[in-house]
Amino acid sequence: MPNILPVSDLRNYNTVLRDIEVGQPVFLTKNGRGRYAILDMREYEKIQATIRLFSELAKGEKSGVELGWLSADDVEAKLGLSHEKN
């Protein structure tokens, strides 16, 4: 169950911070509406890395659609990898 608290509870910020766990952000409301989210730094970094990954994947997909896709053999050749076939 999500931790939802009024922003005024930040007066007792130690209590609020104690309740923050990885994957369990604390949502703060102002005038009864969601306003802020407090999350563990590791979770924040994980979210940022996920956003960067999806951005790069979208760029790759766009490139493939616009310029054409590479075969696995082409990728291996560009990376200097040899793939020995039996």
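About the thresholds
Residues numbered from 1 in each chain as written. Predicted model: local features only at pLDDT ≥ 70, side-chain atom pairs only at ≥ 80, totals over all residues. Heavy atoms only, no water. Helix = DSSP H or I, 4+ residues; strand = E, 2+ residues; numbered from the N terminus. Rg over C-alpha atoms; globule rule 2.2 N^0.38 Å. Buried < 20%, exposed > 50% of the residue type's maximum accessible area, 1.4 Å probe, protein only. Contact = heavy atoms within 4.5 Å. Areas by Shrake-Rupley, 256 points an atom, 1.4 Å probe, with all protein chains shown as cover. Pairing = 2+ DSSP bridges. Axes fitted to C-alpha atoms, helices over the stretch in contact; angles between N-to-C directions. Salt bridge = Lys/Arg side-chain N within 4 Å of Asp/Glu carboxyl O. Lys, Arg positive; Asp, Glu negative; His and termini not counted.

Caption draft 1: View of the overall build of the chain. Each helix and strand counted, the chain has 3 helices and 3 strands in total. Going residue by residue from the N terminus, the α and β elements of the chain occur as β-α-β-β-α-α. Taking 86 residues into account, the globule formula puts the C-alpha radius of gyration at 12 Å, and the chain, at 23 Å, lies well above it. With the C-alpha coordinates aligned to their principal axes, the bounding extent of the chain is approximately 65 × 30 × 20 Å. Counting every position in the chain, which comprises 86 residues, the buried fraction comes to 9%. Pairs at least 24 residues apart make up 11% of the contacts formed inside the chain by residues separated by at least 6 positions. Accessible surface, the chain as shown: approximately 7600 Å² in total, 54% of it carbon and sulfur.

Caption draft 2: Examining the environment of Gln48 more closely. Checked against the element boundaries, Gln48 lands in helix H2 (residues 41-67). Take Gln48: its relative accessible area is 27%, and that puts it in the partly exposed class. Once the C-alpha coordinates of Gln48 and Arg11 are considered, the two residues, 37 residues apart in sequence, prove to be 29 Å apart.

Caption draft 3: Region of interest: the sheet that holds strand E2 (residues 26-30). Strand order in the open sheet formed by 3 strands is E1-E2-E3, and the pairing between neighbours is mixed. Looking at the sheet topology across the chains shown, the edges are occupied by strand E1 (3-6) and strand E3 (33-38). Put simply, the sheet's adjacent strands are angled 35 degrees from each other on average, direction ignored. As judged from the 5 bridges shared by E2 and E3, these two strands associate in the antiparallel manner. Directly across from Lys30, in E3, lies its bridge partner Arg33.

Caption draft 4: Spatial organisation of the pattern of salt bridges. This model, assessed by the stated rule, comprises 2 salt bridges. The closest approach of N and O atoms between Arg42 and Asp40, which form a salt bridge, is 3.0 Å. Here Asp40 falls in the buried class, since its relative accessible area comes to 17%.

Caption draft 5: Quick peek at the side chain of Glu43. With respect to the helices and strands, Glu43 occurs in helix H2. Lacking a salt bridge, the buried Glu43 has Lys46 as its closest oppositely charged neighbour, with an N-O distance of 4.6 Å. Each residue touching Glu43, except ones within four places of it in the same chain, is listed here: Val22 and Gly23.

Caption draft 6: The arrangement of unusual backbone geometry in detail. Despite not being glycine, Asn31 shows a phi value in the positive range, around 55 degrees. Tracing the chain through its elements places Asn31 in the loop between E2 and E3. For Asn31, a relative accessible area of 77% puts it in the exposed group.

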